[in-house]
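Structure at a glance
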Amino acid sequence: MLTLDRIGNKEKVKIVEILGGWFIRHKLTKLGIHPGDHVSVSKSGLFRGPLHIKVNGNEIALGRRIASKIIVEVVK
Amino acid sequence: MIVAMAGQPNSGKSTLFNYVAGYRAETSNYPGTLVRYLKSKVNLSGETFTLVDLPGTYSLISSELAELEARKYLLSGEVDVVVNVVDASLLIRGLEFTIQLLELEIPLVLCLNMMDEATRKGIVIDTEKLSEILKIPVVETVGVKGEDVYELFEKALEAEKFDLGRKPRFSKDVEDIIEYLSDKLLKLSEELKVPKRLLSKKLLENDDYFLKMIKDEAILNEVSKSQKALSEMHERPSDVVISSERHAPSMNIFEEVDRVEKAEISLRDRFDNILMHNLYGYLALLVILYTFFNIVFTLGGFLEGEILSLFERDLIPTYFKGLSYHFVSGLLEGVAGGVGIVLPYIVPFLIGLAILEDVGYLSRVAYLLDNFLHRLGLHGKAIIPIILGYGCTVPAIMGTRILESERDRFITATLTTLIPCAARTTKNLGIGGLFHKSKCCPWGIRPKSFCHWDCRSSSLKDAS
C-alpha cells in the first residue's frame, strides 16, 4: 500500500483512498483534496518535514502524519 | 437590508470589505464566543445596507467554531443576500463551497476575486457561462486594486430579483437517499429553520452540531440507516460520498468555464525555489531574521537616543531650573524611559513583521520550521506568534488565536512568555553592559541603552 508520504519529489500520483477518521477526511476535503484527485509532490521538507504538493491548481503544505493517511497510486 | 460576505480563508473577503466599508467597521463577537466578525453600514448609490464580513470558512460543516458561528448566522434568517467571495485562481475548491451556499436558499452573488492572480496562473474564466450554469450573478473583481468592487455590491443589491440559483444534482441513487431522509426531517427542519435538503445532507455528512439537535430516537435511527445505506452502496463512508458528489460537479463546471493558458513563471515561484529549499531556505531564513532584527535594533537605537536626549538634554533643563528641575526631571524621565526605550523598538518591529507577513514570508517560515515545531508538539504555524513574541508578548499571546486547537494555543502562549520581547531585550543588553567591559555586543546588536548603561558602568567603576 503506497501512501503519499512515501512519494518522492516531482512524482505525480492519484489519490485512491483517504484513511483516518471523520476529522481528517473532512480537513482534507476542506483543503480541496479528494479521492480521485491528481497530486504532484513539488518538494519535501528536510528531515521528514512537510510535503509541498500541488492539487487542482492549488499549492498545499501537508504534514507527514496526515500524508501517511492518504493512499495513492503512481500515474504513468 | 443585510449583505453577508462568505468565503474561504484568504479569498480576499476582508480586502473587499475594507474597500467599501473599512474605515467605520465595528468588530463584534458572536454571543458567548471569541469568534469575531466585522459589520458596517454602507451607502451605495443612495441605498444603505449593512455589510457583514463573516469569518473565513472552508465549508458549511461545523468542525470549527468559526465555521459553526458563520453557519448559524447564515441560517438565522437575518441575511438578505450572500456574497460568496472566491479566489478565482482556486476556482474548483471555491465552487464546492458555492454549491453548499446554494443549499441555503438565500439569494447568492458569486464574486470571482483575485482575477489578476488567476490571469498570472494562466486561468481564463468564462463568467457568463458560469452565471448561466449556476443561475446566479457572477462578478469578477480585483479587491486589492478596487476593480469592479462597487459593481459587485450593486449586483448584490439587485439580487432579490434573481432566483435562488440552480443546485447541481447529485447521482440518482444519492439523490434518492437525500430525498427519502428529507421527507423524514420535515418537522425538524421547520424547528431549526434549516432547509430540509441541506439538513439531510449535513446529517449524512455526520455533522456533529445537527446530530446533537435531534432529540427523537426514531429520526436518529432513520439518519443512521440512511448513512449506512449510502456507505454500503458506494463502499465509502457516507460523508466521503456526499463530499465527492459535491466535488464532481465543481470539477465539471470548472472544466466547462475554464481555459488554462500558459502560466507565467513568476518571480514568486523563483523566490519560492530558494526560500523553501532544503538548504538555501534555512540559510535565507537566518539571513532574513538577522537582517530584520539588526534593522529593528539599529533603527530603534537611533530613535531611542534621539528621544532620550530630547527629554534629558533639551526639554527638561530648558524649561525647569533649580528645585523644580529635580522634581520635574524625576517625573518626566520615567515617562521618557518608557516612551524612549520601549516604543522605538516595538514600532519598527511590528512594521517589519507586517511586511514579512504581507509578502507571505511567514507562511514559508512555518513550512521550514514545521518539522522542528512538531517535536515540541506544535504546528508550524505556531512560529508566527513566537516571532511576534520578540516584539511584544501581549500581541503574541493574542496571535495564538490562529492556531486550531486549545492545546496548541496553550503551549504556544506559554512559550511566548519565555521569549524576551523588544523592551526586555534592550534591558537585558543594557544590564549586560553593566557587567561586560567590551562595548560590542556578541551578536552585533547594540541598542542605545547598552551604551547608556555602559557609560554609567564605567562611572560606577571610577567612583569605586
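Residues numbered from 1 in each chain as written. Chains lettered and ligands numbered in written order. Predicted model: local features only at pLDDT ≥ 70, side-chain atom pairs only at ≥ 80, totals over all residues. Heavy atoms only, no water.

**Structural notes on the interface of chain B and chain A**
- With 32 residues of chain B at the interface, the matching set in chain A holds 27 residues.
- Between chain B and chain A, the buried area comes to about 2500 Å², and carbon and sulfur atoms account for 52% of it.
- Across the chain B-chain A interface, the total number found is 2 salt bridges.
- Across the pair A:Lys30 and B:Glu67 runs a salt bridge whose closest N-O atoms are separated by 3.8 Å.
- Along the contact surface separating chain B from chain A lie 6 residue pairs in polar contact (both at pLDDT 80 or more).
- Within the residue set of the side of chain B that touches chain A, elements represented by two or more residues are helix 3 (91-102), helix 12 (238-257), helix 13 (267-275) and helix 16 (361-375) of chain B.
- When grouped by side-chain class, the residues that make up the side of chain B that touches chain A number 10 nonpolar, 10 polar and 12 charged. (Contact = heavy atoms within 4.5 Å. Buried area = accessible area lost by both parts, 1.4 Å probe. Salt bridge = Lys/Arg side-chain N within 4 Å of Asp/Glu carboxyl O. Polar contact = N/O pair within 3.5 Å; in protein donor to acceptor, adjacent residues only side chain to side chain. Helix = DSSP H or I, 4+ residues; strand = E, 2+ residues; numbered from the N terminus. Nonpolar A, V, L, I, M, F, W, Y, C, P; charged D, E, K, R; others polar.)

**Overview of the sheet that holds strand 4 (residues 58-62) of chain A**
Residues and elements named next belong to chain A.
- On the basis of which strands lie adjacent, the open sheet formed by 5 strands has the order 4-3-2-1-5 and antiparallel pairing. The outermost strands of the open sheet, each flanked by one partner alone, are strand 4 and strand 5 (70-74). Each strand of the sheet is rotated relative to its neighbour by a mean of 40°, with strand direction disregarded.
- Relative to strand 4, strand 3 (residues 51-55) is paired through 5 bridges, and the arrangement is antiparallel. Bridging from a neighbouring strand, His52 pairs with Ala61 of strand 4. (Pairing = 2+ DSSP bridges. Axes fitted to C-alpha atoms, helices over the stretch in contact; angles between N-to-C directions.)

**Quick notes on the side chain of A:Lys30**
- Note on placement: A:Lys30 falls in helix 1 (residues 22-30).
- Taking the relative accessible area as the measure of exposure, A:Lys30 reaches 7% and is therefore buried.
- Not counting residues up to four positions away in its chain, the partners in contact with A:Lys30 are B:Tyr58, B:Ser59, B:Ser63, B:Glu64, B:Glu67 and B:Arg93. (Buried < 20%, exposed > 50% of the residue type's maximum accessible area, 1.4 Å probe, protein only.)

**Digging into helix 19 (residues 406-417) of chain B**
Residues and elements named next belong to chain B.
- The end-to-end C-alpha distance of helix 19 is 17 Å, a good match for the 16 Å that 12 residues give at a rise of 1.5 Å each.
- Restricting attention to buried positions, one finds in helix 19 the residues Asp408, Thr412, Ala413 and Thr416. Buried residues of helix 19, seen end-on, are gathered within an arc of 125° and therefore sit on one face of the element. Structural note: helix 19 exposes Glu406 and Phe410 on the side pointing more than 90 degrees away from its buried face.
- Check the buried side of helix 19 and you find it contacts helix 17 (383-389) and helix 18 (393-399). (Expected span 1.5 Å × (residues − 1). Arc of directions from axis to C-beta.)

**Things to note about the environment of B:Pro107**
All names here are of chain B.
- Along the chain, Pro107 falls in the loop between helix 3 and strand 6 (108-113).
- The spacing of Pro107 and Leu332 is 225 residues in sequence and 60 Å in space, taken between C-alpha atoms.
- Among residues more than four places away in sequence, those in contact with Pro107 are Asp80, Val81, Val82, Ala159 and Leu164.

**Let's talk about the pattern of salt bridges**
Residue and element names in this part refer to chain B.
- Taken as a whole and judged by the stated rule, the model has 19 salt bridges over all chains.
- Between Glu175 and Arg197 there is a salt bridge, with its nearest N and O atoms 3.0 Å apart. Here Glu175, found in helix 7 (residues 172-184), pairs with Arg197, found in helix 9 (residues 196-204); they are 22 residues apart in sequence, far enough to count as distant. The residues Glu175 and Arg197 share a single accessibility class, namely buried.
- Glu205 is paired through a salt bridge with Arg246; the nearest N and O atoms lie 2.8 Å apart. In this pair, Glu205 is assigned in the loop between helix 9 and helix 10 (208-213) and Arg246 in helix 12, connecting sequence segments 41 residues apart.
- Using a relative accessible area of 4% as the deciding quantity, one classes Glu205 as buried.
- Through salt bridges with shared partners, one network takes in Arg169, Glu175, Glu179 and Arg197.

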